[in-house]
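# Structural characterization, general
Residue-level listing of the chains:
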Amino acid sequence: MNILLTGGTGYIGSHTAVVLAQAGHKVILFDNLCNSSNEVVGRLEKIVGKKIDFAEGDVRDTALLIEVMRTHQIEAVIHFAGLKAVGQSVADPILYFANNVQGTISLLQAMQQLQIKTFIFSSSATVYGEPVYLPYDEVHPTKPINPYGDSKLQVEIILRDLAQSDAQWKIACLRYFNPVGAHDSGLIGDDPNGIPGNLMPYLSRVAAGTLKYLNVFGKDYDTRDGTGERDYIHVVDLAEGHMAALDFLNKHAGLHVVNLGTGKPASVLECVRAFEKACGKPLPIEFAPRRDGDLPIYYAKADLAKQLFGWTAQRSLDKMCESAWYFEQMHNK
Ligand code: NAD
Ligand code: WQD
């Protein structure tokens, strides 16, 4: 298939591009490069051994999207393009609704114009908010606690109404948990600009010596060791989940909301230990106060993805850390 990946030079999009290209699909990357670099295109071509098309642009530019999708005879769209920093969304909610909601509406308008009706959306476990029960299953109440989560839920509501209006749409809303790790080549990975907000890239830079120590945000949570627990999923597992979802959509119309997680939470200290194993040295940590907005623990009920897509995450926390560490060494030589 000819598949448009919006946000395709980003962390998850680039890894998904590899999996799809290696499976024989033609992938076209569309990205405004606000949080990635077009250097990724050359690295992807090195990994897959063939040309990867890239179009620079903003998903709010509906006319440009129509031109790109018509030129490349796009048959399906995976929509990764979006802003994802919770703290930034609290400070500037309009930026997040304009980029994430308005951008998706523009993309869907372009798809409608060209009668392209196969769509995969990057949603997030953030839509669930405070856990009423755990693990989160797909019918858990959705009450986001920040504008970023609101922007994702608003898009899910738009997709629900769209699917109800036209039975020909084939839509998967994939709710990701905590993607980490990198492709085995060490050529692509999670490489945020500035000081990372997320645990794994921060740990990686502590291991590299570019950051002095890890602040562990809270050690008095009601968890196994008092530190926060999350459902970390290897980014290549996540990418493979997208291909499984696309294969499913090729045979099933309608809207399908599915968690992509491992169902196995890990604590901050367990991540530190796994990263120490990966890099072969102790990593300095300091215990710090809890971070505003953090939940103690959340993780996925991952059964529906297995039932519908025949997909489950395969890679361990150790593998996640080993791949992240290899990427750090390769990328910051
Ligand atoms: P990322 O920032 O690495 O990738 C997003 C890409 O989208 C970037 O390359 C950025 O330049 C591009 N982009 C942003 N706004 C755009 C716009 N208006 N037009 C065109 N391109 C635009 O982030 P990621 O981690 O790869 O996340 C991809 C998607 O998955 C996002 O929608 C994010 O909300 C969602 N998600 C991410 C996580 C996570 O922890 N990484 C978890 C759950 C959901
Ligand atoms: C993980 C754990 C922290 C950094 C975020 C977004 C979520 C999704 C995934 C987009 C927590 C602890 C972290 C540090 C620490 N993104 N931590 N020291 O907050 O679970 O989820 O990314 O959809 O929407 O909220 O990920 O990696 O920031 O934190 O102790 O320097 O690590 O308290 O327990 P989070 P994270």
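See the structure shown above.
Residues numbered from 1 in each chain as written. Chains lettered and ligands numbered in written order. Predicted model: local features only at pLDDT ≥ 70, side-chain atom pairs only at ≥ 80, totals over all residues. Heavy atoms only, no water.

## Some details on the sheet that holds strand β1 (residues 2–6)
- The parallel open sheet is built from 7 strands, whose spatial order is β3-β2-β1-β4-β5-β6-β11. Each having just a single partner strand, β3 (53–56) and β11 (254–260) make up the two edges of the open sheet. Adjacent strand axes in the sheet meet at a mean angle of 20 degrees when their direction is disregarded.
- Relative to β11, strand β6 (residues 170–176) is paired through 7 bridges, and the arrangement is parallel. When the bridges of β11 are listed, Cys173 appears paired with Val257.
- Set on the sheet, helix α5 (residues 93–113) makes contact with β1, β4 (76–79) and β5 (118–124); between it and β5 the angle comes to about 170 degrees. (Pairing = 2+ DSSP bridges. Helix = DSSP H or I, 4+ residues; strand = E, 2+ residues; numbered from the N terminus. Axes fitted to C-alpha atoms, helices over the stretch in contact; angles between N-to-C directions. Contact = heavy atoms within 4.5 Å.)

## Considering the site of ligand 2
- Lining the immediate surroundings of ligand 2 are 19 residues, of which Thr126, Tyr148, Asn215, Arg230 and Asp294 lie closest.
- Residue Thr126 places a side-chain N or O atom 2.6 Å away from an oxygen atom belonging to ligand 2.
- At a separation of 2.9 Å, an oxygen atom of ligand 2 approaches a polar side-chain atom of Arg291.
- When the free accessible area of ligand 2 is taken as 680 Å², the share hidden by the protein chains comes to 89%.
- Tallying contributions element by element places strand β8 (residues 214–217) first for the shell around ligand 2, with 4 residues.
- Along the lines of polarity and charge, the residues of the shell around ligand 2 split into 9 nonpolar, 7 polar and 3 charged. (Near = heavy atom within 4 Å. Polar contact = N/O pair within 3.5 Å; in protein donor to acceptor, adjacent residues only side chain to side chain. Areas by Shrake-Rupley, 256 points an atom, 1.4 Å probe, with all protein chains shown as cover. Nonpolar A, V, L, I, M, F, W, Y, C, P; charged D, E, K, R; others polar.)

## Some thoughts on helix α7 (residues 199–208)
- The buried fraction of α7 amounts to 9 of the 10 residues, a majority that puts the element mostly inside the structure.
- Within α7, the full set of buried residues consists of Leu199, Met200, Pro201, Tyr202, Leu203, Ser204, Arg205, Val206 and Ala207.
- Positive phi appears at Gly209, one or two residues downstream of α7, with a value of about 90 degrees. (Buried < 20%, exposed > 50% of the residue type's maximum accessible area, 1.4 Å probe, protein only.)

## Section: the packing of α5 against helix α6 (residues 147–165)
- Contact geometry for α5 and α6: axes closest at 8 Å, N-to-C directions at 20 degrees. In terms of orientation, α5 and α6 fall into the roughly parallel class. For the crossing formed where α5 meets α6, the hand is right-handed. Taking contact as the criterion, the partners of Pro93, Tyr96, Phe97, Asn100, Val101, Thr104, Ile105, Leu108 and Gln112 in α5 are, on α6, Pro147, Tyr148, Asp150, Ser151, Gln154, Val155, Ile158, Leu159 and Leu162.
- Class assignment for the residues of the contact of α5 with α6 results in 12 nonpolar, 5 polar and 1 charged. (Parallel < 35°, antiparallel > 145°, perpendicular 65-115°, else oblique. Left-handed = near helix turned anticlockwise from the far one by under 90°.)

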